[in-house]
Each structure stands twice: as C-alpha cells, then as structure tokens.
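Architecture and fold: a report
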Amino acid sequence: MSNTLALPVSALKLNVDLTGLDLTAAPPLASGILGQPRAQSALEFGVAMPNPGYNIFVMGESGLGRLSMVTNHLYELAQHLPAPASYAYVENFANPREPVAVELPTEYGLTFSKDIEKLLDDLLLAFPAAFESPTYQQKKSAIERQFSQCYNAAIDLVDNKAQANSIALFRESESITFAPIRDNKSLNEEQFASLPQAEREQFHGDVEALEDYLSEVLLELPQWRRTMVEKIRQLDNDTISLAIDPLFANLNDLYQNIDDAITYLAEIKTHLSGTICDYLMPLRTLETRDTNAKRQMLVEQYAPNILVDNKQEHGAPVVYEPHPIYQNLFGRIEYVSDQGTLVTNYRKICAGSLHKANGGYLILDAEKLLTYPFVWEGLKRALQAGRIEIESPYSELGINTITLKPEVIPLNVKVILVGSRDIYYLLEEMDSEFNEMFRILADFDNYIPRNDASMLGFAQLMRQQAQDSGAKPLTRAAIESLIEHSCRLAENQHHFSAHIKDSLDIIAEANLFCSKAQHPTIDRTHIEQALSAREHRNGRLSQAILEEMLDGTILIDTDGAAIGKINGLTVLEIGGSSFGAPARITTTVYPGSRGIVDIEREAELGQAIHSKGVMILTGYLGHSYAQQFPLAISASIAIEQSYGYIDGDSASLAELCCLISALTRTPIKQAFAVTGSINQYGEVQAIGGVNEKIEGYFRLCQARGLNGQHAAIIPAANKRNLMLKQEVIDAVAQGLFTVYAVSSVDETLELLTGQLAGLANDEGLYPDDSINFKAISRLKEISDMAVDDDKEEGA
C-alpha cells in the first residue's frame, strides 16, 4: 500500500510552463484589476449608479493591491466624464462673517481670478488720476465756488451793517471778529481800552447785535455745506462711474452667462465707490503708501478665493486622501496674528478633499477614517445632506475657533471606502445608516484562478510594473517563477495569490541581484535568489529551533520506533513570517473511565479548535471500537515542550494514531511525521500550511542525514496544495525522502506501524493480530475491569 500512497515527484509542485503562450501579445489590463471579476463588476455597477446612497466599500485583505487597482480603474473611467464646476469664495459685503460661494464653469476659476485682479490693477491706474483731471477739478471748483458765493454774500451783509456802526469785520479762516473804527482805522486792544466807558459799552452792544445778525444770515450755512458735499459726492460718483463703467462692461460681456459671476461683479461695482473714495482719492491718508500696499488692500477685499478649479482635459476628479483628518476632508479656515489677535477672512478658507473630489470620486481608507474623531459622522452628514459645510468640529466641545461661516457648497461625489472584512462587518453591525449610504460591496478575493488568461494578465502586470519601477525586463522563466511562488503563497496549484504586492516586492529585490550580476534581464535565478535571501533574513527563529532539536534540547526522534510517541507537524507564525517545525506528541493509556484528557486544554494553552479536534477522538473510538461494549478509557494527550498557545485541529490525526499506539502497545516508526485533521468516521481532512510543515520536518531530517526512511504523511485532500521547494523534490526523486497522502486513519496506521490495520467483516469483526483487533481487545479489557470495579463497589 505504501507505494500507492507515496506521491510522485510531479505531484509535489506545479511547474509552470508558459511556452505555449505569447507573452508579447498579452493585451494591457483594461481595468487595471487582475482576476477579480466579482469585485470589478460591483465596482463598475456602483460607479455607473447615479442615485444617492450607491457609494462603494472595497473589501479585502491588505496587500491585494485594492487601492492601486481601484484608483487606476477610476482614472480610466473619469477621463471620459465631464469635468465638474469650479468653486470660489468671495466677500459678503453685507455680512463679512458669511462668505459667499461662487459657482463657475470648468476652467473658469483661475481665469475669473485673473480678470478680477486685472480689474483691480486697472482701478489703480484710473484712480486717483480720474480725480486729478481738469474736467473734474473745474466742476469741483464750481461747486465750491457756489458755496463760497453764498457764504460771502451773507458775510457782506454783516460787514455793511458793521461799517454803518463804525465797526470793522475781520475774517480769518472760518472765524469772524469785530473791532471799532476811528478815523477810518481799526483800534487795537490798547487803543480800545483808552476809549471812554460809554463808547466801549456802545461797541459791545453793537457787536452783540452784529453777532445776532451774523447768526441770522448764516442760518442756512449747514444746508449750503450739505448741498456742496452732496454735489461733490455726486460728482465723485459720476467720475467713478465714468471711469469704471468701461472696465465692468468688458467683464459683464465675458461672464454674461454665469449668474454667480455677474452677481458678484455687480456687488463689487456697488461697493467699489466707497472704497475708492476712502482709499484712492488724492490727499488721503493711504496716498502716502506705495502702489503695492494699495493693490494688496484691494486684493484682500475683492479678489476671489479659488477653492477648486477643475480642468476639462482631466475629466472627473479622482482624489485619494491618505490622511483623512476632519480639516483635510472638509476644509479649514486659517488664521493670522494681528497684534496678538487671531483674525481671518474669506481668503483664508482652504479646500478639503470633498471639495477637490466634488463631481468625481473620493477614495478613503476605512480604518483611518474611523480612527480620527468627528470624521465618520461628518462624512455621513455631508453625504445625506448633499452639501459641504466648513465648520469647526470642536465647537460642540465648547472650543470655538471659528469666526467665519462660509456658504455651503452642493456635494455630488462617489465615495469609495477601502477596508478589511472586519471593518465592513463592524460598520454593518454597529451603524444602522451604513448600508443606506454604502450599498455596493466590491469583495476582493484572496485567490485568482490559474488559467491561460489570468497567467497572461499576471505576466503583463508584472512586466508593466517592472517597467514603471525602473527594474530590468523580466524573462519568461522569471515570470514562471513568480507564478509558482504566488501559487505557493495561495497554497494551491490551481490558484495564485491575489497579494500582487508581494510579487512586486520580489521583482524589486530580484532587480538588485540582477544589477549586481550585471545581467540585462531578470531571470529565474534572480527571483530564486531574492526568495532565498528573504527566507534567510526571516529565518533566525526557525534556525534556532532546528539547532535545539539537533543538540537534543527539543526531543524529536527521526529514527527507530516507539510506543505512544509520534512526530506531529506544526506551523509557527511569528510577525509576518511563518515556518514549519515538528513537535513530539505523546499519549498514555491506563484503566479507568476518565476519558481522553487534553493536557493543553487543562493547562489553558489549547484553543477552541484544537480542543474540538481532541474531543473528536472519543467519537472515533466509540464509532469504530465500542459497538459491543461501553467505552471506558483513561488517556492523556500532550504536545511536548510546547509553551505557547496551540490552535487548529491539524494534529488530531497524529494524536489518534499515537493514542491507538499506546492503547495497542504497537510501536510507531519515528522516521515519519504526520499532519491531518479527522472526523468521527476516520476520514482524513485537509489542513493548512502543508508546505511549511513538510519542509520543516525535511530540514531536520536533512541535518541529521537522510536515509530513505524519512517521510511525511499528509491528507490526500492537500495534494493540490503542494508547492514544495526544489531541495525537497530532489530528495524525493533520489529516494531519500517520501511524501505520503492518506485519506483514512487505517491507511495512516499501516504506514506508521508497518502492520495491517484490518477491515471489519459483515459481523463487525477484525482479523486477528490487526491493529483494530488489538484496539478492540484492549478496550474490551479496560471496559471489563471497569464493570468489575463497579460490582465490587456495589457489593
């Protein structure tokens, strides 16, 4: 039987041969997604659905290339879509705290900003020059002269009356004084003091009368002054309008079909009169400043803050936000310090990723999104409301750092979340609104079926990535080696791993060895060098365990035979690496009815699945051996020198064979190592990590010296998972090592003991001297002993 169960060399590894495929004719991947038809179909459907709520969650393990594949796919689609509108924030002259959003057509953002700045430059050229023109000065002088005439006429009336009373009237600026006249000369204070008392009193009385008259004739002076100021203001406005109308007429023609732009231009024109009068009139305070200072003042007040300006040739935007904190996603308002006070204005508003992706696609990492506070709830609010609102997320905590409330911008974006399965199911369970907003699931498989089409696609992707990264070209043999390694990662000869990133890393590492060897192309040898170097870098722990086995610290026999001892095969996972190592399993059996004791579980080192595997042993014993009598047994099973947690049921086959060995006192060949899971009917089931387990045991046997007796026993269901290293395959080809594939417990027992397991006849009896016969006999003996003990206790 052993010959029929031994696997041939050809079954130990898939040897990829691309000779029949024309790699040079391989078309480029249209979607950028390799071997993921389900995910690609879901992605295309989600992108095509215009209805709200059809956002996409891309689910899969990290390292599958989800982000790059989705990004490339969306870029290709977005190029054929129209670019969305551009947006800018401008000053709200009625309420500066609430800046106004201006919607502009595609590519008009920067153009509009430059046109406004040119308008401001033209204003600096027009003013104050417009107020210094002869026409303006003449009209202004006429208005001022009219006022002066009214004022002088009133003063002349008072002067005539004063002269009639021999009093002189003096005008100094806007002040008026009186002095007595004698002999056609006005008197000074000394001369006035020398006058008789009666004349002085007469003078004071006349002056009081003149002052009353002055007040009477100048009663309408404020009205004259107001009239003059209004006329000058009207003149200023007319002059301003005359100067700026041509400037605005051109802009109005350019933007006549853009409502927001026309509205803002009208508001600028209305507000501009006051600004010009305040800052650009001759002889004003700001006149002492240079032109740059004036221009900066105008820019800060009127130039639009272009939030996003989309380009037509780029199509719809595709934005990936690697750091989705609240401000990066929703935008922020910056502040500057002005004499110790933080101030801001509409030009300090900065766009977030939602603004940049508006009208297109926004890609986010789900785990990062959930890490930062307020972001998830803010994103849901934005998607539900269909608008972007820039606000401070900390205001509800009593920390108010915002002084502006910008107008909201309509939001039309397709959000693509990229995350693991755990995060998807967590959101689905904990957030009732999640499924309403992310109705499309693009589920990335971990494995890709291996066929001619997928291998061509893999080859094309590898060659393209090598070219893009600057690596040397890949030969056909190198691509074959990469596919074989990918199948090893997938543990399946019919699939290769969807973790494309690992293959890309190998190309980069192989390129280094290729460059050192000064080869023009990357060949199979360079790929194998890169894999060997990686294994060596990560192999410290596996080498240390092997050395402990060789020096006897860890007890593992690879020769001879022993009762109740067997070599099991395990896989140790440390960090990002895993390796196989044999482990001794021992079993003791003694009379009693305590059952099978799992020492690992009793010590709380055995995890749930391992404990389940041990419990199945009792079911097998009862089904196979205890049909004629009650099952009564006391046994202990332990994985020796194991000091960490153990999980998985892949040791259950070895544990059962070890248990039957101890029960029947049948020696087990220690040159064998066993892995496999069983059910209660004795069928051997597939396990994981089969390649690492075989190779781990092979290394130990190789170090001690292969003698042709060493072998590994695996489930027959795992034959398709074999992708062994070449050194193992060479040893098998030379007859120094053997890999057996079994499908039942009986087959395994016969290999391990060299004895017949035995088949039950129609009466359920096994042949004498068979292992199964010995097991039933021994169990019957223990059962009878238990019955006798019960009778004695009853007596």
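Reading the values: rules and limits
Residues numbered from 1 in each chain as written. Predicted model: local features only at pLDDT ≥ 70, side-chain atom pairs only at ≥ 80, totals over all residues. Heavy atoms only, no water. Pairing = 2+ DSSP bridges. Helix = DSSP H or I, 4+ residues; strand = E, 2+ residues; numbered from the N terminus. Axes fitted to C-alpha atoms, helices over the stretch in contact; angles between N-to-C directions. Contact = heavy atoms within 4.5 Å. Buried < 20%, exposed > 50% of the residue type's maximum accessible area, 1.4 Å probe, protein only. Parallel < 35°, antiparallel > 145°, perpendicular 65-115°, else oblique. Left-handed = near helix turned anticlockwise from the far one by under 90°. Nonpolar A, V, L, I, M, F, W, Y, C, P; charged D, E, K, R; others polar.

1. Thoughts on the sheet that holds strand β2 (residues 86-90)
Overall, antiparallel pairing links the three strands, which are arranged β3-β2-β7 in an open sheet. Two strands bound the open sheet, and with one partner strand each, they are β3 (100-104) and β7 (305-308). Between one strand axis and the next, the sheet turns through 30 degrees on average, direction left out of account. In terms of strand pairing, β2 meets β7 through three bridges, oriented antiparallel. Residue pairing across strands places Tyr89 opposite Asn305, the latter belonging to β7. With respect to the sheet, helix α4 (residues 108-126) is in contact with β2, β3 and β7, its orientation differing from that of β3 by roughly 115 degrees.

2. So, the sheet that holds strand β4 (residues 167-172)
One open sheet holds the three strands; their spatial order is β4-β5-β6, and the pairing between them is antiparallel. Lying at the two open borders of the sheet, with one neighbouring strand each, are β4 and β6 (185-186). This element, helix α5 (residues 134-164), spans β4 and β5 (175-182) of the sheet and lies at about 155 degrees to β4. The sheet strands contacting helix α7 (residues 197-217) are β4 and β5, and the helix crosses β5 at an angle near 145 degrees.

3. Some details on helix α14 (residues 375-385)
Within α14, the full set of buried residues consists of Val375, Trp376, Gly378, Leu379, Lys380, Ala382 and Leu383. Positive backbone phi, approximately 70 degrees, marks Gly386, located one or two places after α14.

4. Re the packing of α5 against α7
The contact between α5 and α7 brings their axes to 9 Å, and the two run at 160 degrees. With respect to α7, the axis of α5 lies roughly antiparallel. Here α5 runs over α7; the crossing is right-handed. Residues Ala154, Ile155, Leu157, Val158, Lys161 and Ala162 of α5 form the contact with α7, whose participating residues are Leu210, Tyr213, Leu214 and Val217. Looking at the contact of α5 with α7 residue by residue, the class counts come to nine nonpolar, no polar and one charged.

5. Considering the packing of α4 against helix α9 (residues 259-279)
Between α4 and α9, whose axes approach to 13 Å, the crossing angle comes to 25 degrees. The orientation of α4 relative to α9 falls into the category roughly parallel. As for how α4 packs across α9, the hand of that crossing is right-handed. When α4 is examined against α9, the residues Phe112, Ile116 and Leu123 are found in contact with a partner set consisting of Ala261, Tyr264, Leu265, Ile268, Leu272 and Ile276. Broken down by class, the residue content of the contact of α4 with α9 amounts to nine nonpolar, no polar and no charged.

6. Here we look at the environment of Arg145
Mapped onto the secondary structure, Arg145 falls in helix α5. Overall, Arg145 belongs to the partly exposed group, its relative accessible area being 46%. For the pair formed by Arg145 and Met228, sequence separation is 83 residues and the distance between their alpha carbons is 9.5 Å.

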